[in-house]
Each structure stands twice: as structure tokens, then as C-alpha cells.
Amino acid sequence: MDMVFELKAKLKCSGDLSGIVSSPEITEFVSFCNHDLLKKGAPPGCGAEIVWWNVGEERIELKIVSDRFVRAHDALLRLKNELGKLLGKHRIGIRGVEIEEYKMALDWEEEEGLRIGKLPFVKEIKQENGKLELFLDVDEVSLEKRIPDRIIRLLEDKKEAIRWRGKKEHWELLFESPKKTFYFDKDPSEEMIKRGWIRHAAGRGQWIYGPQLTKIFRAFEKILFDDVCKPLGYEEMIFPKLVTWDVWKRSGHAKGIYPEAYYVCTPKTRDPEFWEDVMDYYKVTNEVPIAMLMERIENVGGMCYAQCPPFWVFLQGKILPDEILPIRVFDRSGPSFRYESGGLHGIERLDEFHRVEFVWIGEKQQVIEHARLLQEKYRGIFNDILEIEWREAWVTPWFMAQEGKGGLAELKEVGTVDYEAVLPYSGKWLEFQNVSVNGDKYPKGFSVKLQSGEELWSGCSGVGLERWAAVFLAQKSVDRDKWPEKFRAIVGELPEVFRFL
Ligand code: ATP
Ligand code: ZN
Ligand code: MG
């Protein structure tokens, strides 16, 4: 991408510059910048240049034009440092830098479906003739934080995201089970509601599971303990279910979780006086004054979304001895929450759902090999115990594909296998679990290292209990008699507790 940067800045000084305005020192300094300082690190003929300057009473104004090799903001910071030394000799300091104008112009081919309407730290955007011009609203601190570079990265990400959305190649069939007999052609959620096994809870996408379905969930868990955890050497842990922003910054979720998160807030203070008007309002109206509430709380993060990220704090900043690898742990201690889009449907797509999450950590080859072992165990379960019709597909989220720059081979190592099954009543395929190899993403994000210095990788697999139930019951019916022998034995009798008049 070709880029041009134009920056106009005012360096405010702590003393009168009139004595050095016309001294050769300044001209020499500019010449040194243009021939040496602002060219350092760039290919011959490239870099930044001071194209105009003006020395006033207590300030120096200048305009820098650059290419992408020494970007104008880098040039300014370099130059300020050197100028500080020069002025220091005259006992004058630089008090501050004011960015008067900063324009970035990028080569920009239009991408269908991508509209750049608003960007952080950008006050105006012009898009014409294959160029994108951004007029930035930045100060010195933003330049030190490399905000302009990040804006460019953001634009590249947006472009990449659009390209991947249009492509289907990131779904690839890996395995397909033999056809199976289906014993049901209805929606099992509807049937369970009729039988009083489940009832919609007070919240959006939230259900109360009666004793029968709960027993089925526990049977699924038992299968996972006996056929996955035991043979593969997993130990159970309890992962937190409230996730603070620090975790989501490290796991990468802070980049995009916003429309799907369930947010968690704490009171700004516990002082009962601070809350008195809220309590009084409720007492006289029987209405919870949400708007008043919102002013008195602050957000600290959200509810469990992907289950494994908060676990990583356990390892954060630690060095692991090589002998303890591969680490294999799992969590089933609580629900996950997602603000799902419209398609909420029975127990297939929920805002509150339950999942068993497996996490394994090791050297690259160990992690890849373990994912294969896990896939084998799952195949056994679906073919021999649940006897469902299902398939495995390789899916690569675009952000992973983007990070795995090593080409296709690398893509095949990092990424996700989705497990899908057909729902006979609708003919649709539903993802019911996955196996992901996450590369070094989590160890890097949480600064976990290996004693030997070898690269540390990890993987995770999330088994959605409601999804297993949705798939199994849709294919095998809600009648226990129709279930495969082995599964019936594991579940045992279904308890009858409630009757309604
Ligand atoms: P989908 O494409 O169906 O929204 P996803 O790709 O968002 O699924 P992941 O983020 O990979 O799902 O989550 C892992 C597992 O968690 C899924 O395979 C599924 O078993 C379960 N899961 C995710 N979202 C839900 C949900 N809204 N309701 C029930 N289970 C879910
Ligand atoms: Zn995970
Ligand atoms: Mg989803």
C-alpha cells in the first residue's frame, strides 16, 4: 500500500528563540534531519523530509512529508529529541508539541461492502480516485502511542474481514458419518415444553431445565468424563465466569465482543446513601429506575463468553517446566452468556448455555497431535454411543487466517474443526461443538513461557450440552425407548417430579 504522510506541527519552546533564528545552527539542523536523521532505516531515496519551517519567538513550526518508511509522526518524535539537545545548549527547552494538521493518504481500492465512514482520531475522511485521505485529530501522546500506525492496521483488517466474508473456502468438509435412521421429525424443544421438561426462564434465551433434561445433560458429561477425560488424562478445574477487560484484552476478545457480550457492572460505591433515591423510587413506584441505576454503576467486564480465556490468568507471567506438558484441564463449572441475534430458537441458540470446555497446552506438535486424539475420541462417542448422523468441517476464522501468514500449511495447523449435525425437523445443520488449535495466541497474550524456550501452543474444545441435546433428541426423539441401548443405560430412568393442574 502506497502512503503519503503530511504533518504540520508547532514545537513550543521555553525561551526566546530570536537569538538563534538566523544562526546557521538551525539551517544545519534541518539539513542534518533531511539527509540523515529522517532517512535512517529507510531504503535509499525514501524516508521523511522537513519541507517547510519557520522559527518564531518561542516556537518552531514545521511541516514534514514522508512515505511509509519513516512515517511523519516517527520523524517528528526523532526530530524533537535531537532539537531538544540543540536548544539545550542555549538553555531553552521544548515545552510541548501541537499537531496542527496531520493528513495520511493511502492507496485504496474500493472493496465491495466496505464503507469507511468513521474512524477513531480521524476528523475527516475523503475517498476518491483510488485514494483514501484521512485528516487526523491527534496530539503528541497519540503519536507516541502510534495511533496513526494502528489506524492503518485497522483499515487493513477491515479490508481483510470483508474479503473473507465473501469467501466460502474457509469451510471444508473433513469427515461425514454414515446415514442414520431418524426417529423424530419434530422440534424437540417444542416437545419438551409440551411434556413439561423445560420452561422458558424470565430472561432472554434462558431456560429452566427440569429433572429429565438435566439428567440427560449429566449423562453427556459422564460420557465425556469416561470417554475423553479419563483416557486422555484430563483434570477438572473451575474457571471464573465473570471476565474482566484485562482478560479480554489479552485473549483478543476486546477487539470485537461488544455486540454479543453480557456486560457486568459494579456499584460506584456501596454507600447506602448514594443508593437511597433509587431505593425510594422503587418503593413508591414498584418500578426499577434503570436510568438512575445506570448513572450509579460502572462496567468491569462481562459474563463468560468463550470459557477458556479467564483460565489463562492462572498461568499469566509464569514459566512452565517442559516435563509437565501436555497440560490437560477442563471446566464445566458454569454457564456461558451471549447476546445472540434474532434466531433464538428453543434450546438450539441460547443467551445462557452450558458447555464443557477442554484446554490443552504443549509444544506445537503435542498440541496438534492432541487435537487429533480428541477428534478420535469424539468420533467414537458420536458413532458408537449417541449413534447420530454428523460431520466435521474445517473452518478458519479470518482473523486466524490473517495471523497465520505461513501459507496454507500453517492454516491447516491453526484453526477450528466444527462438528455439525442435521436436524431432521428443519433439514438444517447445527454446530454442536468444536476443536480448536489456537497456536501461540493464548501463551503469547498471557505471557506464559516454557523453560526450554520452545514455542508454547494451546488448543481448546467446547462441548455445548444444549447443542448435544438439540441434535440427539431431534434425531432420536424424546422417547427414551428409541434411544441407542448404550446411551439409555448411561442415562438410567428419567425422573418425574412435577405435575401441573
Ligand atoms: P454458532 O455459529 O452456532 O453461533 P459459534 O461459532 O458462535 O456457534 P463457538 O464460539 O465456536 O460457537 O462456541 C463453541 C460451542 O459453544 C459451540 O460449538 C456450541 O456448542 C456452543 N455455543 C455457542 N453459542 C451457543 C449458543 N448461543 N447457544 C448454545 N450453545 C452455544
Ligand atoms: Zn476456548
Ligand atoms: Mg455464535
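Residues numbered from 1 in each chain as written. Chains lettered and ligands numbered in written order. Predicted model: local features only at pLDDT ≥ 70, side-chain atom pairs only at ≥ 80, totals over all residues. Heavy atoms only, no water.

## Details of the site of ligand 1
1) Next: Around ligand 1, a shell composed of 14 residues is seen, among which E340, R349, L350, E431 and N434 lie nearest.
2) Next: Measuring from an oxygen atom of ligand 1, one finds a side-chain N or O atom of E431 at 2.6 Å.
3) Next: Its free accessible area being 590 Å², ligand 1 has 79% of it covered by the protein chains.
4) Next: The element contributing the most residues to the shell around ligand 1 is strand β20 (residues 428-437), with four residues.
5) Next: For the shell around ligand 1, the class distribution of residues is three nonpolar, four polar and seven charged. (Near = heavy atom within 4 Å. Polar contact = N/O pair within 3.5 Å; in protein donor to acceptor, adjacent residues only side chain to side chain. Areas by Shrake-Rupley, 256 points an atom, 1.4 Å probe, with all protein chains shown as cover. Helix = DSSP H or I, 4+ residues; strand = E, 2+ residues; numbered from the N terminus. Nonpolar A, V, L, I, M, F, W, Y, C, P; charged D, E, K, R; others polar.)

## With respect to the pattern of salt bridges
1) Next: Using the criterion set out here, one finds 36 salt bridges in the structure.
2) Next: The closest approach of N and O atoms between E98 and K12, which form a salt bridge, is 3.4 Å. Highlighted residues: E98 in strand β4 (residues 94-107) and K12 in strand β1 (residues 3-13), separated in sequence by 86 residues.
3) Next: E98 sits in the partly exposed class, given a relative accessible area of 32%.
4) Next: Overall, K12 belongs to the partly exposed group, its relative accessible area being 30%.
5) Next: Where K131 meets D107, a salt bridge forms, and the shortest distance between an N and an O atom there is 2.6 Å. Of this pair, K131 sits in strand β6 (residues 131-136) while D107 sits in strand β4, and the two are 24 residues apart along the sequence.
6) Next: K131 sits in the partly exposed class, given a relative accessible area of 37%.
7) Next: For D107, a relative accessible area of 29% corresponds to the partly exposed category. (Salt bridge = Lys/Arg side-chain N within 4 Å of Asp/Glu carboxyl O. Buried < 20%, exposed > 50% of the residue type's maximum accessible area, 1.4 Å probe, protein only.)

## Considerations on helix α10 (residues 364-385)
Residues spaced three or four apart along an α-helix point in a common direction, a consequence of the helix completing one turn every 3.6 residues.
1) Next: With 22 residues, α10 should reach 32 Å at 1.5 Å per residue; the first-to-last C-alpha distance of 31 Å fits that figure.
2) Next: Listing the buried residues of α10 in full gives V367, H370, A371, L374, Q375, Y378, I381, F382 and I385. Relative to the axis of α10, the buried residues are bounded by an arc of 150 degrees and lie together on one face. (Expected span 1.5 Å × (residues − 1). Arc of directions from axis to C-beta.)

## Digging into the coordination of the zinc ion (ligand 2)
For a metal with four tetrahedral donors the ideal donor-metal-donor angle is 109.5 degrees, whereas six octahedral donors ideally subtend 90 or 180 degrees.
1) Next: On the protein side, the zinc ion (ligand 2) has C308 (SG), E357 (OE) and C460 (SG) as donor atoms, found 2.0 to 2.4 Å from it.
2) Next: A residue is classified by how much of its surface remains accessible, and C460, at 11% relative accessible area, is buried. (Donors = N, O, S within 2.8 Å, 3.2 Å for Na, K, Ca; no water.)

## A few points about the domain arrangement of the protein
1) Next: Looking at the protein, the domain boundaries give domain 1 (3-165), domain 2 (171-195 + 226-262 + 305-491) and domain 3 (264-302).
2) Next: Each of domain 2 and domain 3 was reduced to a C-alpha centroid, and the two centroids are 37 Å apart.
3) Next: Listed by partner, the interface residues are seven residues for domain 2 and five residues for domain 3.
4) Next: Buried area between domain 2 and domain 3, both sides added, is near 450 Å², and the carbon and sulfur share of it is 53%.
5) Next: Scanning the region where domain 2 abuts domain 3 turns up zero salt bridges.
6) Next: At three residues, strand β11 (residues 242-244) tops the list of elements feeding residues into the side of domain 2 that touches domain 3.
7) Next: For the side of domain 2 that touches domain 3, a count of residues per class yields five nonpolar, one polar and one charged. (Domains from an automatic or database assignment. Contact = heavy atoms within 4.5 Å. Buried area = accessible area lost by both parts, 1.4 Å probe.)

## Topic: the packing of helix α1 (residues 24-37) against helix α2 (residues 72-88)
1) Next: Axis separation between α1 and α2 bottoms out at 11 Å; the angle between their running directions is 150 degrees. The handedness of the crossing between α1 and α2 is right-handed. Packed against α1, whose contacting residues are E25, I26, F29, F32, C33 and L37, the element α2 presents R78, L79, E82, L83 and L86 at the interface. (Axes fitted to C-alpha atoms, helices over the stretch in contact; angles between N-to-C directions. Left-handed = near helix turned anticlockwise from the far one by under 90°.)

## So, the environment of A42
1) Next: Examined against the element boundaries, A42 turns out to sit in the loop between α1 and β2 (48-55).
2) Next: What makes A42 buried here is its relative accessible area of 18%.
3) Next: Separated by 29 residues in sequence, A42 and C13 have C-alpha atoms that sit 30 Å apart.

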